[in-house]
Amino acid sequence: GAVVSQHPSWVICKSGTSVKIECRSLDFQATTMFWYRQFPKQSLMLMATSNEGSKATYEQGVEKDKFLINHASLTLSTLTVTSAHPEDSSFYICSARDTDGSNEKLFFGSGTQLSVL
Amino acid sequence: QQQVKQSPQSLIVQKGGISIINCAYENTAFDYFPWYQQFPGKGPALLIAIRPDVSEKKEGRFTISFNKSAKQFSLHIMDSQPGDSATYFCASYYSGSARQLTFGSGTQLTVLP
């Protein structure tokens, strides 16, 4: 099956610093990628939809200046948490859509655990 | 906001038993219904999926039953094993312009040895 690589798998940073998370589709081209946030024992919350070559579409309540998304190529999307604070600590997950004819599947990265001290 | 309601929140099953997780959706435009399995500290992995033109799909020990008129679908795990212990999410996919997954709230499955 398709593979989505997410890096890093975990990161610890000081409050006020910025953190970049990468999401790569390894064996397919993804025109659309999605970024989710997940709190412990909760479901995935969609943060934004990332489209290659255009601006990301953010869900209501998600600060676009706080969570910068770049989708510069068909295989790479990045999420930058700017000026991170402890309340930004969470599990961040990306997904990418693979379209093969009539079959469409969404594959997820392994997630990034962000801890802001 | 379109919702997918999932139950139960948690489920404990003996090894060899059948695990059943249910989901109900609201938007009749949804046309793809996947189930994801998530282990702690990992991203969700696609387990099995169904489209509304069929009522059942089986892959190994995993079966999706789909009731279009009731707008409900369920995951059945036959011969449940301790290795199946994980969180399971149902989801519905909207093929409109947004084309986003809507997730259920998740079910924590524990299979006792």
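Preceding block: the structure.
Residues numbered from 1 in each chain as written. Chains lettered and ligands numbered in written order. Predicted model: local features only at pLDDT ≥ 70, side-chain atom pairs only at ≥ 80, totals over all residues. Heavy atoms only, no water.

Draft legend 1. Broad picture of a nonpolar patch on the surface. A surface patch of nonpolar side chains, amounting to about 400 Å² of accessible area, comprises W10, I12 and L117 of chain A. Along the chain, I12 of chain A turns up in strand β2 (residues 10-13). (Patch = residues over 30% accessible without salt bridge, like charges linked within 9 Å, V, L, I, M, F, W, Y side chains within 5 Å. Areas by Shrake-Rupley, 256 points an atom, 1.4 Å probe, with all protein chains shown as cover. Salt bridge = Lys/Arg side-chain N within 4 Å of Asp/Glu carboxyl O. Helix = DSSP H or I, 4+ residues; strand = E, 2+ residues; numbered from the N terminus.)

Draft legend 2. Examining the pattern of salt bridges more closely. Under the definition given, this model contains four salt bridges over all chains. Between D88 of chain A and K66 of chain A there is a salt bridge, with its nearest N and O atoms 2.7 Å apart. Of this pair, D88 of chain A sits in the loop between β8 (76-81) and β9 (90-100) while K66 of chain A sits in the loop between β6 (57-58) and β7 (67-73), and the two are 22 residues apart along the sequence. As far as the burial class goes, D88 of chain A and K66 of chain A line up, both buried. Across the salt bridge formed by E59 of chain B and K57 of chain B, the nearest N and O atoms sit 3.6 Å from each other. (Buried < 20%, exposed > 50% of the residue type's maximum accessible area, 1.4 Å probe, protein only.)

Draft legend 3. A look at the nonpolar core. Grouped together as the largest cluster of nonpolar side chains are 24 residues, with contacts concentrated most on V4, W35, L79, Y92 and L114 of chain A. When residues of this core are traced back to their parent elements, those giving at least two are β2, β3 (19-25), β4 (32-38), β5 (44-51), β7, β8, β9 and β11 (112-116) of chain A. Counting residues in each nonpolar core, the second largest holds 23 residues, with C23, Y25, L75 and C90 of chain B among its members. (Core = buried A, V, L, I, M, F, W, Y, C linked by side-chain atoms within 4.5 Å.)

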